[in-house]
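Spelled out from the first residue to the last, the chains are:
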Number of protein chains: 2
Amino acid sequence: MAAAVAPIPLTELHGSLSDPLLDAMTFLNEVTERYPDAVSFAPGRPYEGFFEPEQVHEHLDAYLAHLSGRGLSRAAVRTALFQYGPTKGIIADLVARTLANDEGLDVPAESLVLTVGAQEGMLLVLRALCADQDDVLLVSSPCYVGVTGAARLLGLSTVPVPEGPDHGPDPEAVVTAAREARAAGRRPRALYVVPDFANPSGASMPTPARIRLLEVAAAEGLLVVEDNPYGFFTREPGARPTLKALDRRRQVVYLGSFAKTCFPGARLGYVVADQQVAGPGGRLSLLADELAKLKSMTTVNTPALSQAVIGGMLLRNDCRLRQANAPATAFYAANLGTLLSELERHFPRPERTRLGLDWNHPEGGFFAVLSVPFTADEAAMERCARGYGVLWTPMAPFYPAGGGERRLRLSISSLTEPEIVAGVAGLARFIRDEVR
Amino acid sequence: MAAAVAPIPLTELHGSLSDPLLDAMTFLNEVTERYPDAVSFAPGRPYEGFFEPEQVHEHLDAYLAHLSGRGLSRAAVRTALFQYGPTKGIIADLVARTLANDEGLDVPAESLVLTVGAQEGMLLVLRALCADQDDVLLVSSPCYVGVTGAARLLGLSTVPVPEGPDHGPDPEAVVTAAREARAAGRRPRALYVVPDFANPSGASMPTPARIRLLEVAAAEGLLVVEDNPYGFFTREPGARPTLKALDRRRQVVYLGSFAKTCFPGARLGYVVADQQVAGPGGRLSLLADELAKLKSMTTVNTPALSQAVIGGMLLRNDCRLRQANAPATAFYAANLGTLLSELERHFPRPERTRLGLDWNHPEGGFFAVLSVPFTADEAAMERCARGYGVLWTPMAPFYPAGGGERRLRLSISSLTEPEIVAGVAGLARFIRDEVR
């Protein structure tokens, strides 16, 4: 028998595979699996109590009935569900209607590309916009690891723009970062930002900062890539407009996701890219069409099955997901409230200050950030899991340029209220013991 | 109102978007849409007559019942279907059983990664194996455009290895190409090949050539990336072993797809990557685990919905797709036979030679290649569509280094026998008129 080929040295594979970020993510997943009974403030996954397997059948049937109702023959319905489909997707019309109803976003269906989660959308947008190694993406920091990871996979550089303490990226810091990048001979192409309840910081941009951000981005020649997975889930009445809703210049590329508003298992996201692209002879196309060309080289098209099930969900909710998500919004808002009030109860003001402890007060979303007077690294996380039955996420991996060593992220999205109460109690004991 | 930002020059977006290959593909799609009533030998999509929408429900229920039968609680079933899932997928065990039954392939489930179509698998494998610009991928030429496209998206170079007339890549030509690449300072990392009924050539490698290919690849330090979408669909009894089934050295990375054996709308494929990777401190992992790390940056995970439906199909067929596909195999074999015999009937031997016309005789699959005595380009294709109601695919875009200008690809997969008879009649008139 022939000898197996020698193991491939990891160092001979693509550099992204040796990125400490990936190791950190792998470690966190392993720890989470090793402590299945811990109260986990770690995962950013939605609560499952709102899902029922039976509903998949009903959603699918609703979509198929919709196609028949539009006059499609049985054969055409079969084609839509089972065949390769258009690269841009088959439910762009329903998504556009939902965006109009829920966000006041008036975008033509042609400017939409349905993607395999928002993650694929990020990859496509980064690939399209960054022509070579000199092109850089500004990212608000701390930053969702999916973006820095996608950039690494493509061999692209990111430039962190530090967030302020509570309100997301400071528009003036964006100007500074863009100018510094240009002075260093790079071309800043776009800014990636989560204006609503960011992952990991939980921060949200006030409306004036949003307006100012669009102004400075236009002045600096930057597109804005807005990622909005959490916008629905607010503790405060009256949602702020998305950057895309404020966009009068077609300067915002919008990444959407149904992972939190419908369910993650469909892996359905989308990009709104209504920017114009000038091809040979000045022929104009939409950036969405260029993204679709790239998509034919990543996944060919988004599963029709996923689109049909989510399409059915949209139809059954009259293309109004905000309303359909009212119970989920109330649930997450209550959970975040419980987290913050339990932290307050365990660490009231004078003691909190004495201990060097603090946390932010997000207005919604899944996440809050706790600043602690010790290194909140993987070892600390494992001590907390083993000794106190509580899991959380170290913040340092979210800082592309370092930082965040004494911060940890707490997610409330997959827990019940009693779990949060018990989890904060365990966390409080851990913190006191660490400080001691 | 603020002025819209200026259109983005296409030349300032990533270079892959200006690739003539993409324009060619876009043009072909447009022409196909403009002539919906033509007999189309163009698309490589499976025949839809075997699909019924109702079956989706039954497949899904079968998979959910399987999970319950394995003792999963209702909550755990809900998690599997609706949540984010493991990056490597949830039905690797079922796919591994199917590979054992159908291909005699004995691979551990841990070496599998479920992907969004084989296309995502290609992207991940190319990204993992090619560490930098000096690393090149050898591709048998003519070559499936999805591979050259994925390489372009990642900024990687491909080196074409010319196929022989009927039998796929010549192993000695692989040696020559690998040595030339090394002499030019590049590192050839792998060879991409479709040994069974290749797209676009229809060619298949004889078993001795397969064995020899594995020998020379091992000697040259090349991995072999085997793509096998069409292996089931043979006109000859007795399938040849896949390269992976012959692999005793763990030198073959195998790309599989359910697009043709189940249905494309699930967009489900997989990679078998049982190679060992040596990380820091000599810690061994499977290449599959490294691919999964990259996948977390492309699509996070493959839709559970797609996996559940295909998983149900596998279960309902006792993890034996070859048997389940017997009617499809007979259908495609009959179609290919009809195509070849109709070509023969319209162009018998002495006349065929006089005209300078020829075609190959694939033993199976979806495709045959016709060599014609005129340029079979996009303009010719449109003349044929407009004047004769017949569509086909120019071969030139499949040759990464040029060539194939007088060849065209005929696909029989989505047609019925009467359509093929009528299509060849129209094609024969077109050819005679072009030659005249």
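Basis of the calculations
Residues numbered from 1 in each chain as written. Chains lettered and ligands numbered in written order. Predicted model: local features only at pLDDT ≥ 70, side-chain atom pairs only at ≥ 80, totals over all residues. Heavy atoms only, no water. Helix = DSSP H or I, 4+ residues; strand = E, 2+ residues; numbered from the N terminus. Buried < 20%, exposed > 50% of the residue type's maximum accessible area, 1.4 Å probe, protein only. Contact = heavy atoms within 4.5 Å. Buried area = accessible area lost by both parts, 1.4 Å probe. Salt bridge = Lys/Arg side-chain N within 4 Å of Asp/Glu carboxyl O. Polar contact = N/O pair within 3.5 Å; in protein donor to acceptor, adjacent residues only side chain to side chain. Nonpolar A, V, L, I, M, F, W, Y, C, P; charged D, E, K, R; others polar. Pairing = 2+ DSSP bridges. Domains from an automatic or database assignment. Axes fitted to C-alpha atoms, helices over the stretch in contact; angles between N-to-C directions. Parallel < 35°, antiparallel > 145°, perpendicular 65-115°, else oblique. Left-handed = near helix turned anticlockwise from the far one by under 90°. Core = buried A, V, L, I, M, F, W, Y, C linked by side-chain atoms within 4.5 Å. pLDDT = per-residue confidence, 0-100. Least-squares fit on C-alpha atoms with pLDDT ≥ 70 in both.

### Structural notes on the environment of P86 of chain A
Residue and element names in this part refer to chain A.
So, point 1. Of note, P86 is situated in the loop between α3 (74-82) and α4 (92-103).
So, point 2. Take P86: its relative accessible area is 48%, and that puts it in the partly exposed class.
So, point 3. Along the backbone, P86 and A304 are 218 residues apart, and their C-alpha atoms lie at a distance of 9.5 Å.

### Some points on the interface of chain A and chain B
Accessible area lost on assembly of the parts is the figure often given for the size of an interface.
So, point 1. Of the residues lining the interface, 89 residues belong to chain A; the matching set on chain B comes to 89 residues.
So, point 2. Between chain A and chain B, the buried area comes to about 8200 Å², and carbon and sulfur atoms account for 64% of it.
So, point 3. Three residues stand out in chain A for area buried against chain B, namely F82, Y84 and M297 of chain A, and they jointly supply 10% of the buried area on that side.
So, point 4. Seen at the junction of chain A and chain B, the total is ten salt bridges.
So, point 5. Two residues, R74 of chain A and E52 of chain B, come together in a salt bridge whose shortest N-O distance is 2.3 Å.
So, point 6. Our count for the chain A to chain B interface comes out at 50 residue pairs in polar contact (both at pLDDT 80 or more).
So, point 7. Residues belonging to the side of chain A that touches chain B are distributed by class as follows: 49 nonpolar, 20 polar and 20 charged.
So, point 8. Pairing of strand β1 (residues 8-9) of chain A with strand β10 (residues 276-278) of chain B involves two bridges; the strand directions are parallel. The residue bridging P9 of chain A from the neighbouring strand is A278 of chain B, located in β10 of chain B.

### Examining the side chain of T393 of chain B
Residue and element names in this part refer to chain B.
So, point 1. The topology assignment puts T393 in strand β15 (residues 393-394).
So, point 2. Classification of T393 by relative accessible area gives buried; the value is 6%.
So, point 3. Engagement of the side chain of T393 in a polar contact is seen with the backbone oxygen of A42, the distance being 3.5 Å.
So, point 4. Apart from the residues lying within four places of it in its own chain, the contact partners of T393 are L28, A42, F398, L408 and R409.

### Some remarks on the domain arrangement of chain A
All names here are of chain A.
So, point 1. One can read the domain layout of chain A as domain 1 (14-43 + 325-435) and domain 2 (57-323).
So, point 2. Between domain 1 and domain 2, the contact holds 32 residues from the first and 30 residues from the second.
So, point 3. Of the roughly 2500 Å² buried between domain 1 and domain 2, counting both surfaces, carbon and sulfur atoms make up 59%.
So, point 4. Taken as a group, N325, E363 and F398 account for 28% of the area that domain 1 buries against domain 2, more than any other trio of residues on that side.
So, point 5. Counting the contacts that link domain 1 with domain 2 gives two salt bridges.
So, point 6. Two residues, D19 and R152, come together in a salt bridge whose shortest N-O distance is 2.6 Å.
So, point 7. Counting across the domain 1 and domain 2 interface gives 16 residue pairs in polar contact (both at pLDDT 80 or more).

### As for the packing of helix α5 (residues 117-129) of chain A against helix α6 (residues 145-153) of chain A
The axes of two packed helices give the description: the angle between them and the distance between them.
Residues and elements named next belong to chain A.
So, point 1. Relative orientation of the contacting elements α5 and α6 amounts to 45°, with a least axis distance of 9 Å. By the angle between their directions, the pair α5 and α6 is classed as oblique. Here α5 and α6 pass one another in a crossing that is right-handed. In this structure, α5 uses Q119, M122, L123 and L126 to contact α6, whose residues at the interface are G146, V147, A150, A151 and L153.

### Structural notes on the nonpolar core
So, point 1. W392 of chain A together with W392 of chain B are the most contacted members of the largest nonpolar core, which totals 163 residues.
So, point 2. With sequence-adjacent residues up to four places away left out, W392 of chain B is seen in contact with F41, A42, A376, D377, A380, M381, C384, L408, R409, L410, L427 and F430 of chain B.
So, point 3. In this structure, L123, A128, A190 and V271 of chain B belong to the second largest nonpolar core, which totals 80 residues.

### A closer look at the sheet that holds strand β15 (residues 393-394) of chain A
All names here are of chain A.
So, point 1. Spatially, β12-β13-β16-β15 is the arrangement adopted by the four strands of the open sheet, whose pairing is antiparallel. Because the sheet does not close on itself, it has two edges, and the strands there are β12 (358-359) and β15.
So, point 2. In this structure, β15 lies alongside strand β16 (residues 407-411), joined through two bridges in antiparallel fashion. Among the inter-strand pairings, T393 is bridged to a residue of β16, identified as R409.

### Section: the confidence of the model for chain A
So, point 1. Summarising the model, chain A shows a mean pLDDT of 94, and 100% of its residues fall at 70 or more.
So, point 2. Two summary scores accompany this predicted model of the complex, namely pTM at 0.96 and ipTM at 0.96.

### Notes on the relation of the copies chain A and chain B
So, point 1. Screw-axis analysis of chain A against chain B gives a translation of 0.0 Å along the axis, an RMSD of 0.0 Å, and a rotation angle of 180°. Such a turn and shift between the copies fits a two-fold axis.

### Points about the side chain of H14 of chain A
So, point 1. Relative to the helices and strands, H14 of chain A is located in the loop between β1 and α1 (20-34).
So, point 2. A relative accessible area of 8% means that H14 of chain A is categorised as buried.
So, point 3. When sequence neighbours within four positions are dropped, the list of residues in contact with H14 of chain A reads R152 and L153 of chain A together with R127, A128, C130 and A131 of chain B.

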